[in-house]
Amino acid sequence: MSKTIIWRLHTISPPERIWELLTTDCGRELFWAEASRSEANRFTLTFPLGVSGESRVLEAAAHSRFAFTYFGTEVLIELAADGKGGTDLTLTNSRVPEDEYEDMLPGWANVLFPLKATADFGIDLRNRDPSRTWRERYVDQ
């Protein structure tokens, strides 16, 4: 049996900025992965300690919907303008195996908060220290 994770986030940055960070290699490297490489409808993210995963893009509707596979699950990120120049983001991660749910649930917060910090304030929240990673329970890997 699988579970679904839903997180919401508000940013003061417009959907176009959030879209750029989520859908480009340069953008993803600013807040999410050590390296991001795209080819056709796929991208590969490399994380600290060399952990990597290939994602397949399922949907890309500019500035509004970005869906992709992620470590055997499916992710949909929806962006909506808030009417004041910012963005309301909803992340839905479906088909999450029950035995991975407890790690994936906080893992997305470790993606979304750095996204907000980068988009809204130009700050990288990651500690960039290979001895302080998710494996050692650091949330700021």
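The coordinates are above.
Residues numbered from 1 in each chain as written. Predicted model: local features only at pLDDT ≥ 70, side-chain atom pairs only at ≥ 80, totals over all residues. Heavy atoms only, no water.

Draft legend 1. Summary view of a nonpolar patch on the surface. A grouping of Ile12, Phe113, Phe121, Ile123 and Leu125 is seen on the molecular surface, where their side chains present a nonpolar patch of about 530 Å² in accessible area. Secondary-structure assignment places Phe121 in helix 3 (residues 98–121). (Patch = residues over 30% accessible without salt bridge, like charges linked within 9 Å, V, L, I, M, F, W, Y side chains within 5 Å. Areas by Shrake-Rupley, 256 points an atom, 1.4 Å probe, with all protein chains shown as cover. Salt bridge = Lys/Arg side-chain N within 4 Å of Asp/Glu carboxyl O. Helix = DSSP H or I, 4+ residues; strand = E, 2+ residues; numbered from the N terminus.)

Draft legend 2. The arrangement of unusual backbone geometry in detail. The phi dihedral of Ala40 falls on the positive side, at around 55°, and the residue is not glycine. On the accessibility criterion, Ala40 (78% relative accessible area) is exposed. Positive phi outside glycine occurs at Leu49, with the angle close to 70°. (Buried < 20%, exposed > 50% of the residue type's maximum accessible area, 1.4 Å probe, protein only.)

Draft legend 3. Expanded view of the nonpolar core. Core analysis: the biggest nonpolar cluster contains 28 residues, and Leu22, Trp32, Phe68, Tyr70, Leu89, Trp108 and Leu115 have the highest contact counts within it. For this core, the secondary structure elements donating two or more residues are strand 1 (2–11), helix 1 (15–23), strand 3 (42–46), strand 5 (65–70), strand 6 (73–81), strand 7 (87–97) and helix 3. Looking at which element gives the most residues to this core, the answer is helix 3, with 7 residues. Apart from the residues within four sequence positions on either side, Trp108 is in contact with Ile5, Trp7, Trp32, Phe68, Tyr70, Val75, Leu91 and Asn93. (Core = buried A, V, L, I, M, F, W, Y, C linked by side-chain atoms within 4.5 Å. Contact = heavy atoms within 4.5 Å.)

Draft legend 4. Broad picture of the sheet that holds strand 2 (residues 35–39). In space, the 7 strands of this open sheet follow the order 1-7-6-5-4-3-2, with antiparallel pairing throughout. With partners counted over all chains shown, the strands left at the sheet margins are strand 1 and strand 2, one partner each. Averaged over all pairs of adjacent strands, the angle between their axes in this sheet comes to 20°, without regard to strand direction. Strand direction decides the pairing type here: strand 1 and strand 7, joined by 9 bridges, are antiparallel. Across the sheet, residue Leu9 finds its bridge partner in strand 7, namely Leu89. Sheet strands touched by helix 1: strand 1, strand 4 (52–61), strand 5, strand 6 and strand 7. Its angle to strand 6, the strand with the most contacts, is close to 160°. (Pairing = 2+ DSSP bridges. Axes fitted to C-alpha atoms, helices over the stretch in contact; angles between N-to-C directions.)

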